[in-house]
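# Topology and contacts: notes
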Amino acid sequence: MPVLGLGTWENDDPAQCTQSVATALETGYRHVDTAQIYGNEAAVGDGIAAADVDRDDVFLATKVWIDRLAPEDVIASTRESLEKLGTEYVDLLYVHWPAGAYDPAETLPAFAELRDDGLVDRIGVSNFEPEHLNAATDALGEAPFANQVEMHPLLRQEELREYAAANGVELVAYSPLARGKILDDPTVGEIAEEHDVSAAQVSLAWLREKGVTAIPKATSEDHIADNWASLGLELDDQDVETIDDIGRTDRQLNPDFGPNW
């Protein structure tokens, strides 16, 4: 799985979304993340089509919203997503939250059916805690391919990282810049100054050191390029330890239907 992708949450202006996706792909990104609830799947698909990159070279992910997780709705809404995206398949389909109509014994077999039919390559989950992951594994007969969660130096997700490593689950980090709070953190800022890079690059490099794929959202060419440049930043052990010692637990997204964090 690519170690850096483009997130598209809140990128809901169609022209801007299409351009940012095309720009990211032409910059070198090969992972694009969207969701039904973002309302931008068509624009994301247009961006992929506009870029001078083959569709099969793009790792494309979308997510099924919580009111569409009954089996028949999973099938129908995923087909709608594929039509909007202008593609015959997605590389990764997530359960967006363990909430709403989600029932692992009912929902996940529908995901498996989509995979069997070639419409989905991999099955993922998002915002799952270990107990949700265990139930999903029981329902699928295998661990989900990936778990997408909020993660950044202010929310280090040690328990989920340990679970992922022990069970062969890829961890994908949304809000990897803590919705901008990373840019104001003095510890991250010091390390950025030492390396002559941005604080955003430090956060993304730290996630890479943890074996996590980050999907920062970005719309401007400058931010897309700055995030991409994080792949050239190598943090040393002391840098990583210093960031680990920040010691905050600062969650940015916690809707009332989410897990009991």
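My aim in this report is to walk through the structure given alongside it, one point at a time. Computed from a prediction, not measured in an experiment: that's the story for all the values here. (Residues numbered from 1 in each chain as written. Predicted model: local features only at pLDDT ≥ 70, side-chain atom pairs only at ≥ 80, totals over all residues. Heavy atoms only, no water.)

## Comments concerning the layout of surface pockets
A probe as big as a water molecule, rolled over the atoms, marks out the empty space that is left. Roughly 670 Å³ of volume is contained in the largest pocket. Lining of the largest pocket is provided by 35 residues; of these, W9, E10, S175, P216 and K217 occupy positions nearest its centre. For the lining of the largest pocket, the element with the highest residue contribution is helix α9 (residues 221–229), accounting for 3 residues. (1 Å grid on protein atoms, 1.4 Å probe; cavity = no way out; pocket = protein on both sides within 12 Å on 5 of 7 lines; lining within 4 Å. Points joined across faces, edges and corners; volume = space filled by probe spheres on them. Helix = DSSP H or I, 4+ residues; strand = E, 2+ residues; numbered from the N terminus.)

## Some details on the side chain of R161
Structurally, R161 is set in helix α6 (residues 158–167). Among buried charged residues, R161 stands out as having no salt bridge; its nearest opposite-charge side chain is E158, 4.8 Å away. Only 2.9 Å separates the side chain of R161 from the backbone oxygen of R156, close enough to count as a polar contact. When near neighbours in sequence (up to four residues on either side) are disregarded, R161 contacts M151, R156, L171, K210 and V212. (Buried < 20%, exposed > 50% of the residue type's maximum accessible area, 1.4 Å probe, protein only. Lys, Arg positive; Asp, Glu negative; His and termini not counted. Salt bridge = Lys/Arg side-chain N within 4 Å of Asp/Glu carboxyl O. Polar contact = N/O pair within 3.5 Å; in protein donor to acceptor, adjacent residues only side chain to side chain. Contact = heavy atoms within 4.5 Å.)

## Regarding the pairing of strand β4 (residues 92–95)
Of the two faces of β4, the one lined by L92 and Y94 and the one lined by L93 and V95 are each fully buried. Pairing geometry for strand β3 (residues 59–64) and β4, over 4 bridges, is parallel. Residue pairing across strands places K63 opposite Y94, the latter belonging to β4. As a crossover connection, the stretch from β3 through helix α3 (residues 71–85) into β4 is right-handed. (Pairing = 2+ DSSP bridges. Right-handed = clockwise from strand over helix to strand, strands pointing away.)

## Brief notes about a negative patch on the surface
Judged by side-chain charge, E190, E193, E194, D196, E209, E234, D236, D237, E241 and D245 come together as a negatively charged surface patch. Only α7 (186–195) and α10 (237–244) provide two or more residues apiece to the negative patch. With 3 residues, the top contributor of residues to the negative patch is α7. (Patch = residues over 30% accessible without salt bridge, like charges linked within 9 Å, V, L, I, M, F, W, Y side chains within 5 Å. Areas by Shrake-Rupley, 256 points an atom, 1.4 Å probe, with all protein chains shown as cover. Charge placed at Lys NZ, Arg CZ, Asp CG, Glu CD.)

## Observations regarding empty space enclosed by the protein
Inspection of every chain in the model, using the stated rule, returns 1 cavity of 30 Å³ or more. Within this model, the largest cavity holds a volume of roughly 30 Å³. Every residue lining the largest cavity is listed: V3, L4, L204, R208, V212, A214, S230 and L231. For the lining of the largest cavity, the per-class residue count stands at 6 nonpolar, 1 polar and 1 charged. (Nonpolar A, V, L, I, M, F, W, Y, C, P; charged D, E, K, R; others polar.)

## Here's the deal with the packing of helix α8 (residues 199–209) against α10
Remark: α8 packs on α10, axes separated minimally by 11 Å, with the N-to-C direction vectors making an angle of 100 degrees. Classified by the interaxial angle, the pair formed by α8 and α10 is roughly perpendicular. Contacts from V202, W206 and E209 in α8 reach V240, I243 and D244 in α10. Residues belonging to the contact of α8 with α10 are distributed by class as follows: 4 nonpolar, no polar and 2 charged. (Axes fitted to C-alpha atoms, helices over the stretch in contact; angles between N-to-C directions. Parallel < 35°, antiparallel > 145°, perpendicular 65-115°, else oblique.)

## Looking at unusual backbone geometry
Even without being glycine, E10 reaches a positive phi, approximately 70 degrees. Relative to the helices and strands, E10 is located in the loop between β1 (6–7) and α1 (14–27). Positive phi is not limited to glycine here, since N127 has a value of about 65 degrees. Secondary-structure assignment places N127 in the loop between β5 (123–126) and α5 (130–140).

## Description of the sheet that holds β4
Read across the sheet, 8 strands follow the order β1-β2-β3-β4-β5-β6-β7-β8 without closing on themselves; strand pairing throughout is parallel. One side of each edge strand has no neighbouring strand; the edge strands of this open sheet are β1 and β8 (213–214). Looking at chain direction, strand β6 (residues 146–150) and strand β7 (residues 170–174) are connected through 5 bridges and run parallel. By the bridge assignment, N147 is partnered in β7 with L171. Most of the contacts of α3 go to β3, to which it runs at about 140 degrees, and overall it touches β3 and β4. Seen against the sheet, helix α4 (residues 104–116) touches β3, β4 and β5 and runs at an angle of roughly 170 degrees to β4.

## Quick notes on the packing of α3 against α4
It is the contact of α3 with α4, at a shortest axis distance of 8 Å, that shows an interaxial angle of 35 degrees. In this structure, α3 meets α4 at a crossing whose hand is right-handed. When α3 is examined against α4, the residues P71, V74, I75 and T78 are found in contact with a partner set consisting of E106, T107, A110, F111, E113 and L114. Per-class residue counts for the contact of α3 with α4 are 6 nonpolar, 2 polar and 2 charged. (Left-handed = near helix turned anticlockwise from the far one by under 90°.)

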